[in-house]
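# Remarks on the overall topology
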Amino acid sequence: MALPEARYIEAAVREDLRDKLVFVGGPRQVGKTTFARHLLGAVRGSDHAAYLNWDVPTHRQRILREEVPVEGRLCVFDEIHKFPRWRRLMKGFYDRFYPRRQALVVGSARLDYYRKGGDSLQGRYHYHRLHPYSLREINSNPTTSDLALLLAFGGFPEPLSKGTERAWRRWQRDVGTRVLQEDLRDLERVQELGLLELLLDALPQRVGSPLSLQALREELQVSHDAVRRWLTIFERLYLCFRIAPFGSPRIRAVKKEQKLYFWDWSRAPTGGARFENLVAAQLLKYCHAREDQEGVTMELCYLRDTDKREVDFVVLEGRRPSFAVECKTGERAISPHARYFRARTTIPRFYQVHLGTKSYGDAELDVRVLPFAELTTELELP
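Below is a summary of the structure that appears in this document. Starting afresh in each chain, residues are numbered from 1 along the sequence in its written order. Selection of residues for local features in this predicted model requires a pLDDT of at least 70, selection of side-chain atom pairs for listing and counting requires 80 or more, and totals for whole chains, interfaces and linings are taken over all residues. Computation of side-chain values: all heavy atoms of the structure, hydrogens and water removed.

Residue burial is assigned from relative accessible area. The probe radius is 1.4 Å, only protein chains are included, and a residue is buried under 20% of its type maximum, exposed over 50%, and partly exposed in between. For helices the rule is a DSSP run of H or I covering at least 4 residues; for strands it is a run of E covering at least 2, with both sets numbered from the N terminus onward. Judged by how many residues are buried, strand β5 (residues 125-129) sits mostly within the fold: 4 of 5 residues are covered. DSSP-based pairing: two strands are paired if at least 2 bridges between them are found. Where strand β1 (residues 21-25) and β5 come together, 5 bridges link them in parallel fashion. Residue pairing in the sheet places V22 in a bridge with H126 of β5.

To qualify as a nonpolar core, a set must consist of buried Ala, Val, Leu, Ile, Met, Phe, Trp, Tyr and Cys residues joined through side-chain atoms within 4.5 Å. By size, the foremost hydrophobic cluster in this structure holds 113 residues, and its most contacted members are M90 and L104. In terms of residue count, helix α12 (residues 272-294) provides more of this core than any other element does, 10 residues in total. Those residues within four positions of L104 in sequence are excluded, and the remaining contacts are V13, L17, V22, V24, A36, L39, L74, C75, V76 and F77. Judged by nonpolar contacts, the second largest core, of 18 residues, contains A253, V311, A338 and F341. Contacts are assigned to residue pairs with any non-hydrogen atoms lying within 4.5 Å of each other.

A word on the packing of helix α9 (residues 193-202) against helix α10 (residues 213-220). Two quantities define a packed helix pair, namely the angle between the helix axes and the distance between the axes. Working convention: axes come from line fits to C-alpha atoms, limited for helices to the stretch in contact. Angles between N-to-C directions cover 0 to 180 degrees. Where α9 contacts α10, the two axes come as close as 11 Å, and the packing angle between them is 130°. In terms of axis orientation, α9 runs oblique to α10. Note that α9 runs across α10; the crossing there is right-handed. Between α9, through L195, L198, L199 and A202, and α10, the contact on the second element is made entirely by L216, E219 and L220. Among the residues forming the contact of α9 with α10, the class breakdown is 6 nonpolar, no polar and 1 charged. Roughly parallel means an angle under 35 degrees; roughly antiparallel means over 145; roughly perpendicular covers 65 to 115; every other angle is labelled oblique. Left-handed is the label given to a crossing in which the near helix is rotated counterclockwise from the far helix by less than a right angle, and right-handed is the label when the rotation is clockwise. As a working rule, the residues Ala, Val, Leu, Ile, Met, Phe, Trp, Tyr, Cys and Pro are called nonpolar, Asp, Glu, Lys and Arg charged, and the rest polar, with Gly in that last group.

This part takes up the side chain of N277. Relative to the helices and strands, N277 is located in helix α12. Polar contact is defined as a pair of N or O atoms within 3.5 Å, subject to the rule that within protein one atom must be able to donate a hydrogen and the other to accept it, and that residues adjacent in sequence are counted only when both atoms are side-chain atoms. For N277, the side chain forms a polar contact with the main-chain oxygen of F262, separated by 2.9 Å.

Quick look at the pattern of salt bridges now. Criterion for a salt bridge: a side-chain nitrogen of Lys or Arg within 4 Å of a carboxyl oxygen of Asp or Glu. For the structure on display, the rule yields 32 salt bridges. Close ionic contact of E10 with R14 constitutes a salt bridge, the shortest N to O distance being 2.9 Å. With E10 and R14 both in helix α1 (residues 10-16) and 4 residues apart, this pair spans about one turn of that helix. Residue E10 is classed as buried on the basis of its relative accessible area of 14%. A relative accessible area of 40% means that R14 is categorised as partly exposed. Here E158 makes a salt bridge to K162, at a shortest N to O gap of 3.5 Å. Taken together, the residues span about one helical turn, with E158 and K162 both in helix α7 (residues 157-162) at a distance of 4 residues.

Counting through the fold element by element, T33 comes out in helix α2 (residues 32-40). Expressed as a C-alpha distance, the spacing of T33 and Y94, which sit 61 residues apart in the sequence, is 21 Å. Not counting the four nearest positions on each side in its chain, T33 is found in contact with Y51 and D78.

Those residues of α2 not exposed but buried are K32, F35, A36, R37, L39 and L40. Looking one or two residues beyond α2, the residue adopting positive phi is G41, at roughly 75°.

So, about the sheet that holds β1. In space, the 5 strands of this open sheet follow the order β2-β3-β4-β1-β5, with parallel pairing throughout. Since the sheet does not close on itself, it has two edges, and those belong to β2 (51-53) and β5, each with one partner. Direction aside, neighbouring strands of the sheet carry axes that sit 15° apart on average. Summarising the sheet, β1 and strand β4 (residues 102-107) pair through 4 bridges and their orientation is parallel.

Remark: α9 packs on helix α11 (residues 224-236), axes separated minimally by 11 Å, with the N-to-C direction vectors making an angle of 75°. One way to sum up the angle between α9 and α11 is to call them roughly perpendicular. Packed against α9, whose contacting residues are L195, L196, L199 and L200, the element α11 presents W230, L231 and F234 at the interface.

Here we come to the sheet that holds strand β11 (residues 350-354). Sheet architecture is open: 8 strands sit in the order β7-β6-β8-β9-β10-β11-β13-β12, paired in mixed fashion. Looking along the sheet, the strands with just one partner apiece sit at the ends: β7 (259-262) and β12 (360-362). The sheet shows a mean angle of 30° between the axes of neighbouring strands, direction not considered.

Geometric descriptors of this kind do not, in isolation, establish any biological role.
Printed below as a string of structure tokens:
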């Protein structure tokens, strides 16, 4: 499959570059460098005079000397967050050159978190999170075959474009090794790499279920604090994300149990868990795009009560529920849990998505049952 180099954040990034630095964070190999190369108009990003990558030895020497490119209006700094004085360098660039020259900073860790040394950049940058490819990004009129490809190989450019199980397995193994051995080494003080690998291997079977830190602690034979810290590190490195419960006393909602999903949903077991993870990733992409581009406060949650009735996702806008989504692999009748919560909450819209073709609704309850691809088009998800 040929994937477009122009990504869904391009228009917003170009606009933001006019007056501030722009940081683009996201998982390793999600396409950040290709996107930056696209903005530069370069065939090979590492050969462009206005492109510096901390992982390229010759570029690293220039960064250590705090030299900035003098060519072109746009400069790109890749993985520069690994440089301890990177914030001072970018502050100096902004104060000296803006708005005459622009700078795009891309990295595979949370650039808004890893702030090693230097002066504050507060008020000098916009931050965007680049997500994997989704249905409407690979096809404005998505088909069931597009969805099947995404479910099989995930949304990361290399395995998705190659479209073979062999390429997907090799890519996933290599990326996991590089994140744990290289990114952790550069950004975190972690000695127990073997235990982190065991934790990462234990998480796929827990996708979509309330996450028990106690069970993970017992399985790995480590402390509760260690498991909690390691999961936070995985989140900072864009390996996984957790969502919290939403609810009110009227429905006796659970308050603490979180659910975990992967940015690369192909890590989840095939079947319902993987489909649910794909939907979670798509809704998180929607929330992040609204936050980064429009400044709207968004949150992705789930709904569960003490009697274990559950709806998979609730999207909050401005801390108020906007819509809920229940995932089913088959074209089933409306979930009784969706009926229950629709009658007892103030959530205005309920959707039940599936992998089939049927689309219908219950006018009295205001619950829609529809293919997932149809929902992405109806809500204009990125």
